[in-house]
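# Structural features, examined
Here are the chains, one letter per residue:
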Amino acid sequence: MVFRKLMAAFGAGVEVDTVLQSSTVRPGETLVGTVNFRGGASDYKVEGIFIDFTAVVEVESGDSEYKQSHSFLRQQVAGPFHLQPNAAHAQPFQIPVPWETPISAIGGHPLRGMTLGVATELSLAGALDKGDLDPLFVNPLPIQEHLITALDRMGFRFSKADLERGTLQGSHMPFYQEIEYYAGPQWSRHFQALELTFITGPHSMDVILEADKRGGFISSGHDVYNRFTVPLNGNPAAAEQALAAGLQSMAQRRGWF
C-alpha cells in the first residue's frame, strides 16, 4: 500500500490509500475498490471520505484556452466517524460509473489527449483535502467501439481527443468529449477534419458528427453537423449504416455526393 498523508496542514496526518479492483471500466459498469486509512498521533472526527471522478477539460476564454479539472461525480464512501490514534481501517466501495463518462482508452491503450481519474477526498475540521488523481481507463461500450472501428475502416485517422466545457442538448455533463480525426482519402475532398461525440444513456446513445467542410470555388469552408440515435444493444450493422448516411449527408454539395 502507498499511503498518502492528507490534512498535513492541520497537523492531522491522516493517511489514505485507495486501491481499485480494476482501473479499467466501461460506462454503466461499477467501479469497485477499497479506501484504506489510518489515524495520526491524535483522535480526530472525520466528517467524510469521498471518491471524486475528475476530468481535465479545455476551457475557452476570449482568445485563449486553458485546462481545468472538473468533478463530475462525488460519492461519500465513509464517515462521519471518530478515528483513533494510529487506528487502521478499510472501507470497501462500489460506485456506478456514469453512462456519459468519456472514453479514455481504446484497445487497452490510453487515448491521447485524455486525462481522467478518481481522487480521494478527506473532510476534516470543515475543510477538504484531495489526494492525487488515480488514472481511470474508460473503454468504449461495444456499440461505441464498433463505430470507432468503422471510421478506421473508412480511412479516417485518429488525431486526438479532448473534453470541451459546455453542456450539449440531451446531456447532463458540464463538458463533452470530442474524438478528432483526419479525413481519409475517400472523404478528404469534402472534409478537412471530423469530430465525434457520444451522449450515452442506459438504453440508447446519440452520435454527433461535426466536420470542417472544405470550401469550393464560390463558397468558403464551414462546419457541418449530423446527429443520430442508436440503441446500445441494437444491430451494429444498422449503427454503421447510420454513421455512413450521416457522413454522406454532410458531404453532399448541390445534391450530389
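So, a few notes on the structure that sits alongside this text. Sequence positions are assigned chain by chain, starting from 1 and proceeding in written order. Where totals are concerned, whole chains, interfaces and linings use all residues; where local detail is concerned, this predicted model gives features only for residues with pLDDT of at least 70, and gives and counts side-chain atom pairs only at 80 or more. Heavy atoms from the whole structure form the basis of all side-chain values; hydrogens and water molecules are not counted.

## With respect to empty space enclosed by the protein
Rolled over the atoms, a probe sized like a water molecule indicates the empty space that remains. Definitions used for this entry: grid spacing 1 Å over protein atoms alone; cavity, a set of points where a 1.4 Å probe fits but cannot get out; pocket, an open set with protein on both sides within 12 Å along at least 5 of 7 lines; lining residue, one with an atom within 4 Å of a point. Grid points are joined across faces, edges and corners, and a volume is the space filled by probe spheres set on the points. If you walk through the whole model with that rule in mind, you get one cavity of 30 Å³ or more. Approximately 160 Å³ is the volume attributed to the largest cavity. Lining the largest cavity we find 14 residues, and of these Glu100, Thr101, Pro102, Gln177 and Phe198 sit closest to its centre. Every element with two or more residues in the lining of the largest cavity is listed here: β16 (175-182) and β17 (191-200). Looking at the lining of the largest cavity, its residues break down into eight nonpolar, five polar and one charged. Helix numbering and strand numbering both begin at the N terminus, where a helix is a DSSP run of H or I of at least 4 residues and a strand a DSSP run of E of at least 2. Gly falls in the polar group here, along with every residue not listed as nonpolar (Ala, Val, Leu, Ile, Met, Phe, Trp, Tyr, Cys, Pro) or charged (Asp, Glu, Lys, Arg).

## Comments concerning the pattern of salt bridges
Between Lys or Arg on one side and Asp or Glu on the other, a salt bridge is scored when a side-chain nitrogen of the former is within 4 Å of a carboxyl oxygen of the latter. Inspection of the entire model under this criterion finds eight salt bridges. For the salt bridge of Glu240 with Arg153, the shortest nitrogen-to-oxygen distance reads 2.7 Å. With Glu240 in helix α2 (residues 236-251) and Arg153 in helix α1 (residues 142-153), the pair connects residues that are 87 residues apart, well separated along the chain. With its nearest N and O atoms 3.3 Å apart, the salt bridge here joins Glu180 to Lys160. Linking Glu180 in strand β16 with Lys160 in strand β15 (residues 157-165), this pair joins segments that are 20 residues apart in sequence. Using a relative accessible area of 14% as the deciding quantity, one classes Glu180 as buried. The cut-offs for exposure are 20% and 50% of the maximum accessible area for each residue type, with area from a 1.4 Å probe on protein chains only; residues under the lower value are buried, those over the upper are exposed, and the others partly exposed. Owing to a relative accessible area of 32%, Lys160 belongs among the partly exposed residues under this scheme. Here the residues in one salt-bridge network are Asp52, Arg74, Glu121 and Lys130, joined through shared partners.

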